[in-house]
Each structure stands twice: as C-alpha cells, then as structure tokens.
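Okay, here's what each chain looks like letter by letter:
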Amino acid sequence: MKVNDTVTAVILCGGKGERLRPITEHIPKPLVPLNGKPILHHLMHYLASFGIQRFVLCSGYMAEKIDEFASTLPKSWQVHCVNSGDAIMVKRLRDAWPHVEGQALVCYGDTLANVDIGKLFRRHRAFGTAATMTVYRLPSPYGIVRTDRHQRVVRFDEKPLLPHWINIGFLFCDPVLVARDLEAAPDMVPFLEGLAGAGQLSAYKHLGKHLTVNTEKERQSAEVEVASFFSLLES
C-alpha cells in the first residue's frame, strides 16, 4: 500500500557519528556510505517507494553537507532542510513541524529498517492514537548457553532475540495531536512518555530487518546486507 501525499517524512540528520571516525570527521553520520550511497539515500528512496514525496531533513552537525546532498535528490520531491544547530531531538522536531503537511513519519537518518510503511500506516489509523512508534525485538549481543536441570550444557544459541522491544523510530503521528506534548517536552524520552501516559502512543512490532551503523564493523556488515535489504519486507 502506498501512502502517497498524505505523509511528510521528517528525518533526523543531526548525528555526529563519533564512533565512525575518521569517516565522520568530514560528513555527518546519515551521509556515511553503504555501497557508494549515503545511508540517507537508501532510506529516502525506500520511503519514496511507498509514495512519500515530501521530506524534512533536520540537520545540525555539518548541515551544509546535508544541504549539498539534498540538491542531488529528484526534483519531483519536496525537500526542506532545517538546520537547528547543536540541538536536542525535540527542538529539531519543533523546528521541522511548520513544514509538515498531512501526517508525519519521523525517522532516524542513520537507521535502516525494511518496515512495510503501508501496513504501518494502516495500523496507525486503526489504533486511533496520536502516535505509533515502530519497535523491534532486542537481539542479544552475546551467545546464550542453555542448560538442563542438572546444569549440563544442552545447546548454544548464537545471539538470540530477547523478549524485549526497542524503539527504532518510524514514528507515525498526527502533528496537530502531538504538537502540545512536543512543545512542552524537555527531550525525546519525556515526549514519548507523555504520550504513553495519556494513552496516546501505540507500538507497531516490526518483524523484519533492522540495520544500525554505529561502528565501522556495523558499517561493513550493513554493506553486505543493504543490496537485498529492502526487497525483504516483513511478513
């Protein structure tokens, strides 16, 4: 399902990516390349495949590089770059809000996930809450040792998924309904907690792929996956 012109994608692009130095000494983290194309390129073209044509890029660190990147995007897209300087996340969103038309889909500019945006959009409307955030099962960073009741080792599970869910962005929200909470919140976590406390935040469980690019090792791993990544929509 395409969402067409009913959604503005608001993408947070202010990350410094300090753990990715020396690459990020010259570019902001969303412009770190994967197979020759910036992370942000992969994300925006994926969103566009669902019909999204309006984007707000919330920049800060090396904002001029985001401006340069935006100048290379398809002319048919409506792209606004909003430079909030060295600001917290909710300040960047507040600055972006005047450029939002329709509903907003807030994404992290340094994260890729093959979320079915059409399905997420339908679920958000069905939930009837002011916002719906996408959550993902937390993978263990370690292998798990399984034992029986006699403490004999019976098997090893290599980095299994844990029974916990994490926020990975892809936050659908009604800009009018969340505007007051956004204006009052001191940071992103209190903003989401405020919505949750009012019963206005739902969770959409993503069962597909999720890529972070926080270190050079993760970047190299992401390069291997990204070629076929977005063809693997969640089931």
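That block above? That's the structure.
Residues numbered from 1 in each chain as written. Predicted model: local features only at pLDDT ≥ 70, side-chain atom pairs only at ≥ 80, totals over all residues. Heavy atoms only, no water.

Brief notes about the packing of aromatic side chains
Here the distance between the centres and the angle between the planes together describe a pair of aromatic rings.
Step number 1: Here the structure, examined in full by the defined rule, presents three aromatic pairs.
Step number 2: Relative to F50, the ring of Y46 has its centre 5.3 Å away and its plane inclined at 75 degrees; by these criteria the two rings are edge-to-face. Across the pair, F50 and Y46 agree in class, each one buried. (Phe/Tyr/Trp six-rings, centres within 6.5 Å; stacked < 30°, edge-to-face > 60°. Buried < 20%, exposed > 50% of the residue type's maximum accessible area, 1.4 Å probe, protein only.)

So, the side chain of T111
Step number 1: Mapped onto the elements of the fold, T111 is located in strand 7 (residues 111-113).
Step number 2: There is a polar contact of 3.3 Å between the side chain of T111 and the side chain of D110.
Step number 3: Setting aside its immediate chain neighbours within four residues, T111 contacts I39, L43, I168, H210 and L211. (Helix = DSSP H or I, 4+ residues; strand = E, 2+ residues; numbered from the N terminus. Polar contact = N/O pair within 3.5 Å; in protein donor to acceptor, adjacent residues only side chain to side chain. Contact = heavy atoms within 4.5 Å.)

Some thoughts on the pairing of strand 5 (residues 78-83)
Step number 1: Direction of pairing for strand 4 (residues 54-59) relative to strand 5: parallel, over a ladder of six bridges. Bridged to F55 within strand 5 is V79. (Pairing = 2+ DSSP bridges.)

Remarks on helix 5 (residues 175-184)
Step number 1: When we look at burial in helix 5, the residues that qualify are P175, V178 and L182. Around the axis of helix 5, the buried residues are gathered within 75 degrees of arc, so they sit on the same side. With respect to the buried face of helix 5, the exposed residues turned more than 90 degrees away are V176, R180, E183 and A184.
Step number 2: Considering only its buried residues, helix 5 is in contact with helix 3 (89-96), strand 6 (103-108), strand 8 (131-139), strand 12 (171-173) and helix 6 (188-197).
Step number 3: Where helix 5 begins, the side chain of D174 points an oxygen toward the backbone nitrogen of V176, at a separation of 3.0 Å. (Arc of directions from axis to C-beta.)

Overview of the packing of helix 5 against helix 6
Step number 1: At a minimum axis separation of 9 Å, helix 5 and helix 6 run at an interaxial angle of 130 degrees. Relative to helix 6, the element helix 5 lies oblique. Both helix 5 and helix 6 take part in a crossing whose hand is right-handed. Contacts between helix 5 and helix 6 involve V178, D181 and L182 from the former and F191, G194 and L195 from the latter. (Axes fitted to C-alpha atoms, helices over the stretch in contact; angles between N-to-C directions. Parallel < 35°, antiparallel > 145°, perpendicular 65-115°, else oblique. Left-handed = near helix turned anticlockwise from the far one by under 90°.)

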